[in-house]
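# Geometric and topological summary
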Amino acid sequence: MSALIRIQDLTKQFPMGGRRFTALDGISLEFERGEFSGLVGPSGSGKTTLLNIIGALDNPTRGSAIVLDRDTKTLRHREAARLRNHNLGFIFQTFNLLSVYTVFENVEFPLLLLKMEKSGRRKAVMDALEWVGLTDKVDMRPARLSGGECQRVAVARAMVKNPKIVLADEPTANLDAENSHNILKMMIGLNREFRTTFIFATHDEKVIGYLKRIISLNDGQVVRDEEP
Amino acid sequence: MIRFLLIGLLRDRSRSLFPVLMVSAGVFLTVVLYAYIKGMVGDMVDASARFDTGHVKIVSRAYHLRESQAPNDLALLGVDDLLATIRTIHPRMVWTPRIRFGGLLDVPDANGETRAQGPVAGLAIDLLNKDTPERNILKLDESLVRGRMPEQPDEILISETFGRKLGVPLDKNVTLMSATMYGSMTLHNFTVVGTVHFGMAALDRQLILVDINDAQRALDMTDGAGEILGFKPELDYADQEMRILSQSFNRRFNSAEDEFSPIMHALSEKDLLGEILEMTNIGGGIIIAVFVFAMSIVLWNAGLMNGIRRYGEIGVRLAMGESKGDVYRSMIVEAVCIGIIGSVVGTIFGILTAYWLQYHGLDFTDFMRQSTMLMSGVIRAKVTPFSYVIGFFPGLLASVIGTLFAGIGVFQRQTAQLFKELEV
Ligand SMILES: Nc1ncnc2c1ncn2[C@@H]1O[C@H](COP(=O)(O)OP(=O)(O)OP(=O)(O)O)[C@@H](O)[C@H]1O
Ligand SMILES: [Mg+2]
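Values in this document were obtained by computation on a predicted structure and should not be read as measured data. (Residues numbered from 1 in each chain as written. Chains lettered and ligands numbered in written order. Predicted model: local features only at pLDDT ≥ 70, side-chain atom pairs only at ≥ 80, totals over all residues. Heavy atoms only, no water.)

## Quick look at the overall build of chain A
- What chain A contains, in helices and strands, is seven helices and 10 strands.
- By the burial criterion, 58% of the 228 residues in chain A qualify as buried.
- When contacts within chain A are restricted to residue pairs at least 6 apart in sequence, long-range pairs at least 24 apart make up 70% of them.
- Total accessible area computed for chain A in this model is approximately 10100 Å², and 46% of it derives from carbon and sulfur atoms.
- In chain A, which carries 32 positive and 28 negative side-chain charges, the distance between the mean positions of the two groups comes to 6 Å. (Helix = DSSP H or I, 4+ residues; strand = E, 2+ residues; numbered from the N terminus. Buried < 20%, exposed > 50% of the residue type's maximum accessible area, 1.4 Å probe, protein only. Contact = heavy atoms within 4.5 Å. Areas by Shrake-Rupley, 256 points an atom, 1.4 Å probe, with all protein chains shown as cover. Lys, Arg positive; Asp, Glu negative; His and termini not counted. Charge placed at Lys NZ, Arg CZ, Asp CG, Glu CD.)

Below, the structure written as structure tokens:
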């Protein structure tokens, strides 16, 4: 059986004032189902760029990223959207909740895109909010939630459709220690229960402490890949 | 999903309220402006038809060439026969003969000496017949200010303004000095029995209204008339129909060899009026175009600012698996909703205002004292069925075009770039 995600000799360059800046430089990696792994490295090492490529939000310059047996480079807009919609959950550093919608509606949104019918939606949303312990804040708008609560909503939103892969870019950067630990423990639980693959991009020691696989990037190259 | 979008639209005021207000304002102005221009031109055409051109007008070929001078030496003769004929050919039209004439009005004092004198613009019409159509065409009863309608030969009406200026007393004799059809000098005594006011400076300045039989006697124009005016019975002008009517008349009666043969022209064939009529037809389109353009730019900018504000939202929606095309489409759906709501609101207020302007009008009398145009000093709007829909053109178009432009700005960026901007 082939890996869930296979990155082969991947290079990403950005145009920069006439020349090209190489953000990722010949990266090869594989991720299996159920991994709880993280891209670690200093600022500018290419973590976000790699996550974006895995998430089919950006295309590699050379090499390929094969996600769930699909080469992201050959996907058209609509197919990439479909891939994200069905299989990928995103969690951001800034929680990026939709401010005009309630907690419930924010979590419901990915299911609307999946065209799930109403009763199924309601159950899935409530289940997801139960995992993150926010069933009492269902009708609140994000502006009235704390940072930790917002990120829990974001986790629920990423998890509600039970995706195969969750990509989390610095999810704890805006949280205090206690909330960071809570979120991470929750994610570990979800990882165990659903065998969801988590890939983090982080330089937060707290996060690194939870990782089962640490991939160190520097200057766009993998310098270490270890399981502590 | 639509419900989801609408919720967002309703809760986020900067996404809904501002654009809706903007669209409403533009639509409002479009509707009011359109109705007002429509009313203004309608009034002009109406006034011109009633007092000058009719819906169609028959004159002699020679008279037509110098029509502005009302040259009565070139008037139509054998008018009774011509009227009888034309009334049988076109029984549904109202036909009425008129003579326009100039002269000097002399107001004597108690001793018969001249007390005041002034040049007149005389209009001779069928004034004495009980069922004269002119009563309705010139709205004589409404326009009467003092005195009464003439009942006997040689009783006349004078414009209130003119009468006051000359100090003409009611029920006293005045003398008209004028020229006959054949060019000799003539004097005729009339009794002023009433005054009229039409609210049109060009008309009210020096008008006297005389019965056509009296004028024929005074001006030696037996069985003659300068002009024969034809009207549709409801007095609503129908250009196409009138043009066809005059063509068929001219084929039958007009002869290039005979300069005294009658020739008919439709109202719109009068240069200025034709142009004005045409301009209003184009005018509606121009108003729409101007507002679509101006509002599109404003809404485009609003959309851009809104789009930038919504980068985060758009980025998240893309990450959740919505395709760019779907996000774009949903923005356009929003724009259509805003366009429709704004148009409805703007149209409602616009129509209400236009109706108000239709009944009350705006008074420009003071600015038009010197005007030579046959135009009422109080200009009113006119609400037509098209007034109800015209606003939707700029309303919808501007909103959608604005969003299209704004959307392009957002979507030319790389998806990942949206996230960059979303992270800061
Ligand atoms: N769209 C772009 N255009 C040009 N350069 C880019 C672009 N996106 C990223 N880069 C560059 O690529 C490099 C890697 O960026 P990336 O965002 O992946 O770093 P990172 O490891 O996530 O850093 P951080 O920890 O600060 O988030 C950086 O030097 C950045 O300036
Ligand atoms: Mg980053």
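Anyway, onward from the coordinates.
## Concerning the interface of chain A and chain B
- On the chain B side, the residues contacting the 26 residues of chain A number 26 residues.
- Summing the contributions of chain A and of chain B, the shared interface buries around 2500 Å²; its carbon and sulfur component is 63%.
- Three residues stand out in chain A for area buried against chain B, namely Leu57, Tyr101 and Phe109 of chain A, and they jointly supply 22% of the buried area on that side.
- Notably, a salt bridge pairs Arg78 of chain A with Asp326 of chain B, separated by 3.5 Å at the nearest N-O pair.
- At the boundary of chain A and chain B, one finds five residue pairs in polar contact (both at pLDDT 80 or more).
- Taken together, the elements giving at least two residues each to the side of chain A that touches chain B come down to helix H1 (47-54), helix H2 (77-87) and helix H3 (103-113) of chain A. (Buried area = accessible area lost by both parts, 1.4 Å probe. Salt bridge = Lys/Arg side-chain N within 4 Å of Asp/Glu carboxyl O. Polar contact = N/O pair within 3.5 Å; in protein donor to acceptor, adjacent residues only side chain to side chain.)

## Considering a positive patch on the surface
Residue and element names in this part refer to chain A.
- On the surface, Arg33, Arg70, Arg82, Lys164 and Arg195 cluster together to form a positively charged patch.
- For Arg70, the location among the structural elements is in strand E5 (residues 70-71).
- Owing to a relative accessible area of 35%, Arg70 belongs among the partly exposed residues under this scheme. (Patch = residues over 30% accessible without salt bridge, like charges linked within 9 Å, V, L, I, M, F, W, Y side chains within 5 Å.)

## Here's the deal with the packing of helix H4 (residues 79-89) of chain B against helix H10 (residues 239-253) of chain B
All names here are of chain B.
- Following both chains from N to C, one finds H4 and H10 inclined at 130 degrees, their axes separated by 13 Å at the closest point. Between H4 and H10, the angle falls in the class oblique. The two elements H4 and H10 meet at a crossing, and its hand is right-handed. Residues Leu82, Thr85, Ile86 and Ile89 of H4 pack against Phe249, Arg252 and Phe253 of H10.
- Class assignment for the residues of the contact of H4 with H10 results in five nonpolar, one polar and one charged. (Axes fitted to C-alpha atoms, helices over the stretch in contact; angles between N-to-C directions. Parallel < 35°, antiparallel > 145°, perpendicular 65-115°, else oblique. Left-handed = near helix turned anticlockwise from the far one by under 90°. Nonpolar A, V, L, I, M, F, W, Y, C, P; charged D, E, K, R; others polar.)

## Thoughts on the environment of Thr48 of chain A
All names here are of chain A.
- Inspection of the secondary structure assignment puts Thr48 in helix H1.
- Given a relative accessible area of 21%, Thr48 falls into the partly exposed group.
- Between the alpha carbons of Thr48 and Asp127 there is a distance of 30 Å; along the sequence they are 79 residues apart.

## Brief notes about the packing of helix H2 (residues 13-53) of chain B against helix H13 (residues 324-360) of chain B
Residues and elements named next belong to chain B.
- Between H2 and H13, the least distance of the axes is 6 Å, while the angle of their chain directions is 40 degrees. Classified by the angle their axes make, H2 and H13 are oblique. Crossing geometry of H2 relative to H13 is assigned as right-handed.
- Here the residues of the contact of H2 with H13 sort into 16 nonpolar, nine polar and two charged.

## A few points about the packing of aromatic side chains
- In the structure shown here, the tally under the stated rule is 12 aromatic pairs over all chains.
- An angle of 70 degrees between the planes, with centres 4.8 Å apart, marks the rings of Phe51 of chain B and Phe198 of chain B as edge-to-face. Of this pair, Phe51 of chain B sits in helix H2 while Phe198 of chain B sits in the loop between strand E8 (185-196) and helix H8 (201-204), placing them 147 residues apart in sequence.
- In this structure an aromatic cluster arises from ring pairing among Phe36, Phe198 and Phe200 of chain A.
- Over the aromatic face of Phe31 of chain A sits the side chain of Arg213 of chain A, whose NZ or CZ is 4.8 Å from the ring centroid. (Phe/Tyr/Trp six-rings, centres within 6.5 Å; stacked < 30°, edge-to-face > 60°. Lys NZ or Arg CZ within 6 Å of the ring centre and 35° of its normal.)

## Remarks on the sheet that holds strand E6 (residues 88-91) of chain A
Residue and element names in this part refer to chain A.
- Judged by pairing direction, the sheet is mixed, and its six strands sit side by side in the order E6-E7-E8-E3-E9-E10 without closing on themselves. Two strands close off the open sheet at either side, each with one partner strand: E6 and strand E10 (221-226). Each adjacent strand pair in this sheet contributes to an overall mean axis angle of 15 degrees, direction not counted.
- Both E6 and strand E7 (residues 165-169) contribute to a ladder of four bridges, which runs parallel. In the strand pairing of E7, Gly89 is matched with Val166.
- The strands that H2 touches are E6 and E7; relative to E6, the one it contacts most, it runs at about 80 degrees.
- Set on the sheet, helix H5 (residues 147-159) makes contact with E6, E7 and strand E8 (197-202); between it and E6 the angle comes to about 170 degrees. (Pairing = 2+ DSSP bridges.)

## Considerations on the environment of Tyr355 of chain B
Residue and element names in this part refer to chain B.
- Relative to the helices and strands, Tyr355 is located in helix H13.
- Residue Tyr355 is classed as partly exposed on the basis of its relative accessible area of 30%.
- Each C-alpha atom, one on Tyr355 and one on Ser330, is 37 Å from the other, the two residues being 25 residues apart in sequence.
- Apart from residues no more than four positions distant in its own chain, Tyr355 is found in contact with Val383 and Tyr388.

## Some remarks on the nonpolar core
Residues and elements named next belong to chain B.
- The biggest cluster of nonpolar side chains holds 56 residues, and the ones touching the most others in it are Leu138, Leu140, Phe198 and Leu209.
- Per-element accounting of this core gives the leading share, 15 residues, to H2.
- Residue-level mapping places this core at the junction of two domains, with at least three residues from each of domain 1 (2-47 + 275-423) and domain 2 (56-236).
- The residues contacting Phe198, other than those within four sequence positions of it, are Phe51, Leu138, Leu140, Ser143, Leu203, Asp204, Leu207 and Leu209. (Core = buried A, V, L, I, M, F, W, Y, C linked by side-chain atoms within 4.5 Å. Domains from an automatic or database assignment.)

## Description of the pairing of strand E1 (residues 5-16) of chain A
Residues and elements named next belong to chain A.
- As paired strands, E1 and strand E4 (residues 62-67) are joined by five bridges and run antiparallel to one another. Bridge pairing in E4 places Thr11 opposite Arg62.
- Pairing geometry for E1 and strand E2 (residues 19-31), over nine bridges, is antiparallel. By the bridge assignment, Lys12 is partnered in E2 with Leu24.

## Focus on the domain arrangement of chain B
Residues and elements named next belong to chain B.
- Domain parsing of chain B yields domain 1 (2-47 + 275-423) and domain 2 (56-236).
- Across the boundary between the two partners, domain 1 contributes 12 residues, which contact eight residues of domain 2.
- Interface area lost by domain 1 to domain 2 is led by Asp46, Arg369 and Leu374, which between them contribute 42%.
- Taken together, the links from domain 1 to domain 2 amount to zero salt bridges.
- Summed over the shared surface of domain 1 and domain 2, the number is zero residue pairs in polar contact (both at pLDDT 80 or more).
- The class makeup of the residues in the side of domain 1 that touches domain 2 is five nonpolar, five polar and two charged.

## Concerning unusual backbone geometry
Residues and elements named next belong to chain A.
- One non-glycine residue, Asp69, lies in positive phi territory at about 70 degrees.
- Along the chain, Asp69 falls in the loop between E4 and E5.
- The residue Asp219 is not glycine, and still its phi comes out positive at about 50 degrees.

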